[in-house]
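# Coordinates in review
Below are the chains, spelled out letter by letter.
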Amino acid sequence: MNNSSLPLVLVSHTLPDGWLDNLENHCRMVIGPKDANELSTELENFLPEAEGLFTLLTINVNEALLSKTPKLKVVSNMAVGYDNVDLDACTQRGIPVGNTPGVLTDGTADLTMAIMLAAARRIIEANLDARQGRWKTWSPTGWLGKDLRGATLGIIGMGQIGSAVAERATGFGMKIIFSDPNPDLVKAEGLKAKHVPLETLIKDSDFISLHIPLTPETYHLINEDTLKRIKPTSLLINTSRGPIVDSNALIKALEGGWIAGAALDVTDPEPLPQYHRLFELPNCLIVPHIGSATWNTRRQMAERACENLIAGLKGRQLPYCVNPEVYNS
Ligand code: DGY
């Protein structure tokens, strides 16, 4: 719609047809390219007029960007994580920030199980060997992996996604222990999961899975020191945010046999450069941040992001707001 009385919204990326239909009667849109790691120059030029920003997690909504947006009323991030947004800077300017919780819980939990199983059972390696002529016979010792049943899964961060992983892993016969920065808020009803100090989780788990947001406190939570305390037979799974794991320390741990392997949906940096050392390590499985990558999930994320955006443009409280204190001032 080209009605110049409507507010201008910058959408950082081109999304599939139909995903932004809900916005059409509420704003004019300038839409960026499909694959972008930063705001395109074209969109940059519109920042002074923008009243709404619809972003993906690759866009840094920082002080430098916000200083060019005097009219901005809302930032709507199409992700549950919002570490790409300088929340304090938005709050200080009175700008509410929206995210998309809930709808990607199952997708991300499924992917966590998928890469946990793939790493445990060496699926990628076995698939390559089968295709490349190394499947000579049924060998009693060929491609041996690890059992899930009876193994201890340590979940760091028992929020919605952590709990959904616990539920699935229980079905596989795993014993669940967890640590959480706010154990009192954890709703683990119906789950047989035991809260333990992080220290205990690190040393007792056979699989460790990360489900915490990236904050200054969680940055490099998994570092050389922690990796040295993990059992050498354990696998580390990360479907949360790359920088929670110190990549250089992880390389040392995988090369040195401090841990048995890693399965990563997220990395630091992201995307991981093509010739990065982690790609060369056979005990490291890497997929390109696809935790929420199902049609249904991504579509619902877009819908939530549209709801937040429309509310913000109209001066209403965002249905999924990560800085609600903005409404107190
Ligand atoms: C999110 O929404 O934060 C996820 O990382 C996207 O898959």
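A quick note: this is a predicted structure, and the numbers were derived from the prediction, not measured. Throughout, residues of each chain are indexed from 1 in the direction in which the sequence is written. Whole-chain, interface and lining totals are the exception, using all residues; otherwise, since this is a predicted model, local features are given only for residues with pLDDT of at least 70 and side-chain atom pairs are given and counted only at 80 or more. The side-chain numbers reported here are obtained from all heavy atoms of the structure, hydrogens and water having been left aside.

### A closer look at the overall build of the chain
- Helix and strand definitions here come from DSSP, where helices need a minimum of 4 consecutive H or I residues and strands a minimum of 2 consecutive E residues; each element is numbered from the N-terminal end. Assigned secondary structure in the chain consists of 11 helices and 12 strands.
- The size measure is the radius of gyration over C-alpha atoms, and the globule rule it meets is 2.2 Å times the number of residues to the 0.38 power. Relative to the compact-globule value of 20 Å for 329 residues, the chain shows a C-alpha radius of gyration of 22 Å, a close match.
- Projected onto the principal axes, the alpha-carbon positions of the chain cover approximately 70 × 50 × 30 Å.
- We call a residue buried when its accessible area falls under 20% of the maximum for its residue type, exposed when it is over 50%, and partly exposed in between, using a 1.4 Å probe and counting protein chains only. Buried positions account for 50% of the 329 residues belonging to the chain.
- Long-range contacts, defined as pairs at least 24 residues apart, comprise 59% of the intrachain contacts of the chain with a sequence gap of at least 6.
- Calculation of accessible area relied on Shrake-Rupley with a 1.4 Å probe; when residues are assessed, cover is drawn exclusively from the protein chains displayed. When the accessible area of the chain is evaluated, it comes to approximately 16,300 Å², of which 52% is carbon and sulfur surface.
- We score Asp and Glu as negative and Lys and Arg as positive, and we do not count His or the chain ends. Throughout, a charge is located at the NZ atom of Lys, the CZ atom of Arg, the CG atom of Asp or the CD atom of Glu. Across the chain, the centroid of the 30 positively charged side chains sits 6 Å from that of the 37 negatively charged ones. We call two residues contacting when some pair of their heavy atoms lies within 4.5 Å.

### What to know about the domain arrangement of the chain
- Parsing the chain into structural domains produces domain 1 (8–103 + 295–328) and domain 2 (105–286).
- Using C-alpha coordinates to define each centre, domain 1 is positioned 31 Å away from domain 2.
- Domain 1 puts 7 residues into the contact, and the matching count from domain 2 is 6 residues.
- Two parts placed together each lose some accessible area; with a 1.4 Å probe, that loss summed over both constitutes the buried area. Here domain 1 packs against domain 2, burying approximately 530 Å² in sum over the two surfaces, 42% of which is carbon and sulfur.
- Among the residues of domain 1 in contact with domain 2, Leu 57, Asp 83 and Gly 102 are the three that bury the most area, contributing 62% of the side total.
- The term salt bridge refers to a side-chain nitrogen of Lys or Arg lying within 4 Å of a carboxyl oxygen of Asp or Glu. For the interface between domain 1 and domain 2, the tally reads 1 salt bridge.
- Two N or O atoms form a polar contact when they lie within 3.5 Å of each other; inside protein one atom must be a possible hydrogen donor and the other a possible acceptor, and for residues adjacent in sequence the pair counts only when both atoms belong to side chains. At the surface where domain 1 touches domain 2, the tally comes to 2 residue pairs in polar contact (both at pLDDT 80 or more). The domain boundaries here were taken from an automatic or database domain assignment.

### Regarding the nonpolar core
- The biggest cluster of nonpolar side chains holds 52 residues, and the ones touching the most others in it are Phe 54, Met 78, Leu 153, Met 174 and Phe 207.
- Of all the secondary structure elements, the ones that give two or more residues to this core are β1 (8–11), α4 (105–120), β6 (152–156), α6 (160–171), β7 (175–179), β10 (235–238) and α11 (295–313).
- Domain assignment of the residues forming this core places at least three in each of domain 1 (8–103 + 295–328) and domain 2 (105–286).
- Look past the residues within four positions of Phe 54 in its chain and what remains in contact with it is Leu 10, Val 11, Ser 12, Leu 15, Leu 20, Leu 23, Ser 76, Met 78, Ala 302, Ala 305, Cys 306 and Leu 309. Definition of nonpolar core: a set of buried residues of the types Ala, Val, Leu, Ile, Met, Phe, Trp, Tyr and Cys, connected through side-chain atoms within 4.5 Å.

### Some points on the packing of aromatic side chains
- Two rings from Phe, Tyr or Trp (for Trp, the six-membered ring) form a pair when their centres sit within 6.5 Å of each other. Planes less than 30 degrees apart are called stacked, planes more than 60 degrees apart edge-to-face, and all others tilted. Evaluated as defined, the whole model comprises 1 aromatic pair.
- Considering the side-chain rings of Trp 19 and Trp 295, the 6.2 Å spacing of their centres and the 85° angle between planes classify their relative orientation as edge-to-face. Here Trp 19 is found in the loop between β1 and β2 (28–31), whereas its partner Trp 295 is found in helix α11, with 276 residues between them in sequence.
- The exposure class assigned to Trp 295 is exposed, which follows from its relative accessible area of 66%.
- The positively charged end of Lys 146 is found above the aromatic ring belonging to Phe 207, 5.4 Å away from the centroid. Put simply, a charge is over a ring when the Lys NZ or the Arg CZ is close to the ring centre, within 6 Å, and near the line of the ring normal, within 35 degrees.

### Focus on the sheet that holds strand β12 (residues 284–286)
- When DSSP locates at least two bridges between a pair of strands, those strands are taken to pair. Taking strand neighbours across the sheet as the criterion, the 7 strands line up as β8-β7-β6-β9-β10-β11-β12 in an open arrangement whose pairing is parallel. Two strands close off the open sheet at either side, each with one partner strand: β8 (193–195) and β12. For this sheet, the mean inter-axis angle between neighbouring strands, taken without regard to orientation, is 20°.
- One ladder, built from 5 bridges, connects β6 with β7; its direction is parallel. Among the inter-strand pairings, Ile 155 is bridged to a residue of β7, identified as Phe 178. Fitted lines through C-alpha atoms serve as axes, helices being fitted only where they are in contact, and the angles separating the N-to-C directions of these axes extend from 0 to 180 degrees.

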